[in-house]
Number of protein chains: 2
Amino acid sequence: MDRLRGPRGGAPGGADRGFAVGTARSRLLAAAMDLFMRHGVSGTSLQMIADELGVTKAAVYHQFHSKEDIVEAVIAPALAELEAVADAAEAQRRRNDRLRVALEGVVDLVVRHRGLFAMIMTDPQVGRLVRSRPPLRGLEERIEAVLTGPDPDAETLVNSAMVSGALMVAGLDPRLAGLDDETLRRHLTATVFRMLHVRRRATS
Amino acid sequence: MDRLRGPRGGAPGGADRGFAVGTARSRLLAAAMDLFMRHGVSGTSLQMIADELGVTKAAVYHQFHSKEDIVEAVIAPALAELEAVADAAEAQRRRNDRLRVALEGVVDLVVRHRGLFAMIMTDPQVGRLVRSRPPLRGLEERIEAVLTGPDPDAETLVNSAMVSGALMVAGLDPRLAGLDDETLRRHLTATVFRMLHVRRRATS
């Protein structure tokens, strides 16, 4: 999960007050992400985020009004990408293509964001936040609907739940942290295709 | 996860002081398990366990000296069964048989204990407890060694991590809560066998 860790500490005592707002904001989000991964969202306070950056809590409040706002900003880019995956999958006419596009898209997100994806799926506070926002809750349901199709039988339900769990750990398991993106992407894709009986794209 | 929920509340005001010790103990463990599943281990206090049972905190202390002792007692039966699975798998000479026995055993544990297995795998406090006890840490490593074999390549590492995650969610996903044990066991087994390229036992 090291790749998720943003710059640490930096110059102490708020020496980055001279940074452009965008940079200070992204440094704050990187530090928050790092703390969320290590302590969970509930175990991370605004004070801890301020300490990690070497700034005052007031400086954090200057950017964000609550921890919830920070969580939303941390997960927003991944959720926007997930929405694009749902759009692309739903645009396919055939079930196999919908599954293929959805799985390739989600695998790619997991590989590029690693631990973030697991945090979104497992942290109870993040779960409540996502479920409390209708467009986000709808997004989760859209991906599930692509994976299971209408009126899923028991096998399909079990397999699609297993795919979610299998992808979630990919970003968490320390034994996989050393794998490069391409290797991880290739094996994740092959295995989730096998789990859901998805045919690879015909080579043209 | 309803099947994991023990008797609730019962007669208020400690009316079960007349119960045999074994029964009071198992009622306490069932209530603790229920609270751990709903609030996580860190979100559950001894006071909450006492309130759930309608007894005083002193009555809880009479049975267990700390929350950690309760967690250990809650997970002990499943860990003993997991140890038996590791023994049985390691006793097999052929790799395919080792995998088959380990996977069938772990699937059976997941199905019978459902949410407990996920709690053992995901709760940070439970993880720290399991890792702090050498025999338990050794058990986790034995199961992993059976699943990956010696010197695993990237594909084997990715797949065995995915199997852990896939089985973990089986006890958590609310969409699977309505499936009976036999249906869940059959689909989980088929899919983890497919994930790890395990051949079924030859029919004799």
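Within every chain, residues take consecutive numbers counted from 1 along the sequence as written. Note on labels: chains are lettered from A, ligands numbered from 1, in written order. Local features in this predicted model are restricted to residues of pLDDT 70 or higher, and side-chain atom pairs are both shown and tallied only at a pLDDT of 80 or more, whereas totals for entire chains, interfaces and linings draw on every residue. The side-chain values count all of the structure's non-hydrogen atoms but skip hydrogen atoms and water molecules.

Novice: Before we move on, could you go through the interface of chain A and chain B and cite the residues and values that matter?
Specialist: Opposite the 28 residues of chain A that make contact, chain B presents 28 residues. In this description, buried area is defined as the sum, over both parts, of the accessible area (probe of 1.4 Å) that is lost when the two are combined. In total, chain A and chain B occlude about 2,400 Å² of area from one another, counting both sides; carbon and sulfur atoms represent 72% of this. When residues of chain A are sorted by the area they lose upon contact with chain B, Met-162, Arg-175 and Arg-194 of chain A head the list and together hold 28% of the total. Whenever Lys or Arg places a side-chain nitrogen within 4 Å of a carboxyl oxygen from Asp or Glu, that contact is recorded as a salt bridge. Of the charged contacts, one joins Glu-144 of chain B and Arg-175 of chain A as a salt bridge, the two residues approaching to 3.8 Å between their closest N and O atoms. Whenever a nitrogen or oxygen atom comes within 3.5 Å of another N or O atom, the pair is scored as a polar contact, on the condition that within protein one atom can donate a hydrogen and the other can accept it, and that pairs from neighbouring residues in sequence are kept only if both atoms are in side chains. Our count for the chain A to chain B interface comes out at 7 residue pairs in polar contact (both at pLDDT 80 or more). Numbering goes from the N terminus for both helices and strands, where a helix is a DSSP run of H or I of at least four residues and a strand is a run of E of at least two. For the side of chain A that touches chain B, the secondary structure elements donating two or more residues are α8 (134-148), α9 (154-170) and α10 (181-195) of chain A. No other element matches α9 of chain A, which puts 13 residues into the side of chain A that touches chain B. Residues are sorted three ways: Asp, Glu, Lys and Arg are charged, Ala, Val, Leu, Ile, Met, Phe, Trp, Tyr, Cys and Pro are nonpolar, and all the rest, Gly among them, are polar. Its residues assigned to classes, the side of chain A that touches chain B comprises 15 nonpolar, 8 polar and 5 charged. In what follows, residue pairs with any heavy atoms lying within 4.5 Å of each other are defined as contacts.

Novice: Before we move on, can you summarise the pattern of salt bridges with the specific residues and values?
Specialist: All names here are of chain A. Scanning the model with the defined rule gives 28 salt bridges over all chains in all. The shortest N-O distance in the salt bridge between Arg-112 and Asp-108 comes to 2.9 Å. Of the two residues, Arg-112 and Asp-108 both sit in helix α5 (residues 95-113), 4 residues apart, roughly one turn of that helix. Of the residues examined, Arg-112 reaches a relative accessible area of 39% and is grouped as partly exposed. Think of it in three bands: residues with accessible area under 20% of the maximum for their type are buried, residues over 50% are exposed, and the middle band is partly exposed, with areas taken using a 1.4 Å probe on protein chains only.

Novice: Let's hear about helix α4 (residues 67-90) of chain B: which residues, and what values?
Specialist: Residue and element names in this part refer to chain B. For a helix, the expected span equals 1.5 Å multiplied by the number of residues minus one. Here α4 spans 34 Å end to end across 24 residues, near enough to the 34 Å set by a 1.5 Å rise per residue. At Ala-76, α4 is deflected by roughly 45°, the largest bend along its length, and proline Pro-77 occurs up to four residues later in sequence. Within α4, the full set of buried residues consists of Lys-67, Ile-70, Val-71, Ala-73, Val-74, Ile-75, Ala-78, Leu-79, Leu-82, Val-85, Ala-86 and Ala-89. The term bend refers to the angle at a residue between two fitted axes, each drawn through seven residues, those ending there and those starting there.

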